[in-house]
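Structural characterization, general
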Amino acid sequence: MERLRIVFLSTLVLVLFHVFVDASQNQKKTYIIHMDKFNMPADFDDHSQWYDSSLKSVSKSASVLYTYNSVIHGYSTQLTADEAKALEQQPGILSVHEEVIYELHTTRSPTFLGLEGPESRSFFPQTEARSEVIIGVLDTGVWPESKSFDDTGLGPVPASWKGKCQTGKNFNTSNCNRKLIGARFFSQGYEAAFGAIDETIESKSPRDDEGHGTHTATTAAGSVVTGASLLGYASGTARGMASHARVAAYKVCWTGGCFSSDILAGMDQAVIDGVNVLSLSLGGTISDYHSDIVAVGAFSAASQGIFVSCSAGNGGPSSGTLSNVAPWITTVGAGTMDREFPAYIGIGNGKKLNGVSLYSGKALPSSVMPLVYAGNVSQSSNGNLCTSGSLIPEKVAGKIVVCDRGMNARAQKGLVVKDAGGIGMILANTDAYGDELVADAHLIPTAAVGQTAGNLIKQYIASNSNPTATIAFGGTKLGVQPSPVVAAFSSRGPNPITPDILKPDLIAPGVNILAGWTGKVGPTSLQEDTRNVGFNIISGTSMSCPHVSGLAALLKAAHPEWSPAAIRSALMTTSYSTYKNGKTIEDVATGMSSTPFDYGAGHVNPTAAVNPGLVYDLTVDDYINFLCALDYSPSMIKVIAKRDISCDKNKEYRVADLNYPSFSIPLETAWGEHADSSTPTVIRYTRTLTNVGNPATYKASVSSETQEVKILVEPQTLTFSRKNEKKTYTVTFTASSKPSGTTSFARLEWSDGQHVVASPIAFSWT
């Protein structure tokens, strides 16, 4: 009997396994199909017929979600795994990729970046050219009523604009104006995965119900708004980086995330519409360039003269956590500004500790209040995190509760404390966050503290039978030093796809940034938060990316002839990596000096970027040579470049020769089989500089922290006699022995006495 039962159960498991496998194989998913447009069979009159025929050959019921005509050639549709595999075998199909879900990764920053005051006018043109630049923002949409989209003083919409204002729920054509000149939404990929959009929750239109898209768009190009603040914090005049530029919003992100088929459709349309800058504060899983939809779309955009800026990601401080690392994308990390929102904690043993907060409600009594640690008053294993329902009310009522950061939303923890009867919260960082401080508009009196302060508070609670504390709030504090510091959350290098290309490219303000907000939700985005604010303060590389997008628009207005690579070069080579006292920019995650794997070329310095002296320029052919150096097959290159490319088998292609404004040398790759030998390893990099200033002679200088790698620049002097003249030089790196550490860094500078054209050099040994 027992044996029969075992046989029965085994058979049942086997049957269920086959049912599961069959179900998974028959489950439809969205795929993006890259077609070889220029080799369409003669049987078809147009590409849409061909696309439809190829699809119907594997699925009679499938329909096209999007047809792509600009950044790629092809379409997206829903297929089973078997249908996708069958389609991939057809002639004319370059690739079939399953859809990927991407995630979304101001009053002070213009002043901090030197863009305020009469002196800035001498750097940037005050002509109508500023209003001819169009920034396309791919995000959660836009809240058109924001004062940051006021079009007062702006002239007619640029004649180059081909876009439109798409209507939908809570959005009509009158929501666009001469500032917000276009708005579209793309939801077919999202709806194919999740079903029809619930319009009681989010608007099936360009309207931003979440706030992120409005924040990024107004950071990049918001109009000047006096008297801006968040509940009295960060008060002053808000403006975007390129306050005269036009904005086009492409809503590609929804409650369930940002789907690659929708992102690609947004990029495709933005290029057709005529944007000059594309800003994407989102990222997905890291993948090779030919299968990375953002990288593929960005290549096409860059080849048509469009500058593409992307956020580096919020995976720091761990190394190798970057996204959006293609060399034709400008990858932006995050730093702080010289502004903070202090909160002051006093604990019963007399110690005074500092934190941050944007709380604006009724303050706590000035007298000491009882203090408890959530981990001691909870009824669940992760009660220290103040998750929903985890706290014991009778042990929390009338007390300040210390909650550890992590898992649930920071402001949500305060509501958990409030629901349990607590009167205030101290939000303590754990190992994952270090001493980085991010301010939030909490709904109960709350101070966020770093790991060091949090540990001191928890030690005090553990050693005292009647612990007490006070919390007070200090408003807005300016002139905080040192600043900037690299944000702990900012994703770090080395580049996980191509270690020979240093990423991120640079950093920009990304912590506690004030910018426009949606009227749909409060500043915490919690359902319980009914406060209505015109501006909000949030943090992330999502905030640093649009800073660079806006600055690129300023440079485009000043130098319309510059390529996207020239603009990026100007931003990188003029950035700074040290404070005025000569010390290297700090990393808040460690309290120590940061490195080029954290900040790239450095912190952006826009007033220097407008007149860089020299630039490292790149063409589409240079990027194709780069792909050849990666040993990409013709079909892989065609997915990216959309044309037939045959790498010359008799030519040596080297990633090291890509004319990038920075240097990254993975020594273990260069050493190869000689890693343990005494034979010196010699690596040569070639670069070409283009003069964009007056005739001048530049001299090279190298500073290095390593004695194990010798650096020689030849020639050491470059003389330019005319504008746009090009000069080539070689850098030779000679390593006589295996490095003693895993990383080391150097810096190459070219200077004519007026300009400094700087490039970071990063050596790594795994």
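It should be emphasised that the depicted structure is a prediction, and the values quoted were computed from it without experimental measurement.

1. Some thoughts on helix α11 (residues 451-462)
Counted at 1.5 Å a residue, the expected span for α11 with its 12 residues is 16 Å, and the 16 Å between its end C-alpha atoms agrees. For α11, every residue scored as buried is listed here: Q451, A453, G454, I457, K458, Y460 and I461.

2. Looking at empty space enclosed by the protein
When its volume is computed, the largest cavity comes out at roughly 50 Å³. Lining the largest cavity are H34, M35, D36, K37, F38, I72, H73, L94, K638, V639 and K642. For the lining of the largest cavity, the elements supplying multiple residues, two or more each, are β1 (29-35) and α17 (634-641). In the lining of the largest cavity, the residues fall into 5 nonpolar, 2 polar and 4 charged.

3. Quick word on the nonpolar core
One finds I263, V275, L278, L280, L282, Y289 and W328 to be the most contacted residues of the largest nonpolar core, which totals 66 residues. Those residues in contact with L282 that lie beyond four places of it in its chain are Y102, E103, L104, H105, L138, V252, C253, C258, I263, V294, S311 and N324. Residues V142, A183, A217 and V247 belong to the second largest nonpolar core, which totals 40 residues.

4. As for the packing of aromatic side chains
The full count for this structure, using the stated rule, is 25 aromatic pairs. Taken together, a centroid distance of 6.3 Å and an interplanar angle of 65° make the contact between F299 and Y623 edge-to-face. Pair noted here: F299 is in helix α8 (residues 293-303) and Y623 is in helix α16 (residues 620-629), with a separation of 324 residues, a long-range link. Each member of the pair, F299 as well as Y623, carries the same accessibility label: buried. Following the ring pairs from residue to residue traces out a cluster consisting of F185, Y190, F194, W254 and F259. Here the basic side chain of R207 rests over the ring of W143, its NZ or CZ set 4.4 Å away from the ring centre.

5. What about the pairing of strand β39 (residues 756-764)?
The element β39 is extensively covered by neighbouring structure, given that 8 of its 9 residues are classed as buried. With 4 bridges connecting them, strand β32 (residues 663-666) and β39 associate as parallel partners. From the neighbouring strand, F663 faces β39, where its bridge partner is I761. Judged from the 9 bridges that link them, strand β38 (residues 743-751) and β39 form a sheet pairing that is antiparallel. Paired with R747 across the two strands is P760, which belongs to β39. Linkage of β38 to β39, two consecutive antiparallel strands, is achieved through a turn of 4 residues, within which G753 is found at a positive phi near 95°.

6. With respect to the state of the cysteines
Under the counting rule described, the total for this entry stands at 4 disulfides. Residue C628 pairs covalently with C647 via a disulfide, S to S 2.0 Å. Here C628 and C647 share a disulfide; its torsion about the S-S bond, -80°, makes the bridge left-handed. Of this pair, C628 sits in helix α16 while C647 sits in the loop between α17 and β32, and the two are 19 residues apart along the sequence. Here C628 falls in the buried class, since its relative accessible area comes to 6%. Residue classification places C647 among the partly exposed positions, given a relative accessible area of 26%. Taken in sequence order, the bonded cysteines of the protein chain link in the pattern 1-2, 3-4, 5-6, 7-8. The thiol of C545 is unpaired, and the distance to the nearest cysteine sulfur, on C310, comes to 6.0 Å.

7. Describing α17
Because an α-helix packs 3.6 residues into every turn, residues spaced three or four apart end up facing the same way. Regarding α17, the residues found buried are I637, K638, V639, I640 and A641. Against the buried residues of α17 lie β1, β4 (93-98), α8 and α16. Of the residues flanking the end of α17, it is K642, one or two places downstream, whose phi is positive at about 65°.

8. Brief notes about the sheet that holds strand β11 (residues 253-254)
Strand order in the open sheet made by the 4 strands is β11-β12-β5-β14, with antiparallel pairing throughout. Unpaired on one side and paired on the other, β11 and β14 (282-283) mark the two borders of the sheet. Its contacts with the sheet put helix α7 (residues 260-273) on β5 (101-104), β11, β12 (257-259) and β14, and the angle it makes with β12 is roughly 65°.

What counts and how
Every chain is numbered independently, its residues counted from 1 as its sequence is written. Note on the predicted model: pLDDT of at least 70 is required for a residue's local features to be given, and 80 or more for side-chain atom pairs to be given and counted; whole-chain, interface and lining totals, by contrast, use all residues. Here the side-chain values reflect all heavy atoms present in the structure, with hydrogen atoms and water set aside. Only DSSP runs of H or I covering at least 4 residues are called helices, and only runs of E covering at least 2 are called strands; the numbering of each starts at the N terminus. To estimate how far a helix should reach, multiply one less than its number of residues by 1.5 Å. Classification of residues uses two cut-offs on accessible area relative to the type maximum, computed with a 1.4 Å probe and protein chains only: under 20% is buried, over 50% is exposed, and between them is partly exposed. Cavity and pocket criteria rest on a 1 Å grid covering protein atoms alone: a 1.4 Å probe that fits but cannot get out defines a cavity, protein on both sides within 12 Å along at least 5 of 7 lines defines an open pocket, and an atom within 4 Å of a point defines a lining residue. Grid points are joined across faces, edges and corners, and a volume is the space filled by probe spheres set on the points. Put simply, Ala, Val, Leu, Ile, Met, Phe, Trp, Tyr, Cys and Pro go in the nonpolar bin, Asp, Glu, Lys and Arg in the charged bin, and everything else, Gly too, in the polar bin. What makes a nonpolar core is a set of buried Ala, Val, Leu, Ile, Met, Phe, Trp, Tyr and Cys residues whose side-chain atoms join them at distances within 4.5 Å. Working rule for contacts: check all heavy atoms of both residues, and any pair within 4.5 Å makes them a contact. Put simply, two rings from Phe, Tyr or Trp (the six-membered ring, in Trp's case) pair if the centres are within 6.5 Å, and we call them stacked under 30 degrees between planes, edge-to-face over 60, tilted for the rest. As a reminder, the over-ring test applies to NZ of lysine and CZ of arginine, requiring each to be within 6 Å of the ring centre and within 35 degrees of the ring normal. Any two strands between which DSSP finds at least two bridges are classified as paired. In this description, the term disulfide denotes a pair of cysteine sulfurs within 2.5 Å. An axis is simply a line fitted to the C-alpha atoms; with a helix, the fit covers only the stretch in contact. Between two such axes, the angle follows the N-to-C directions and lies from 0 to 180 degrees.

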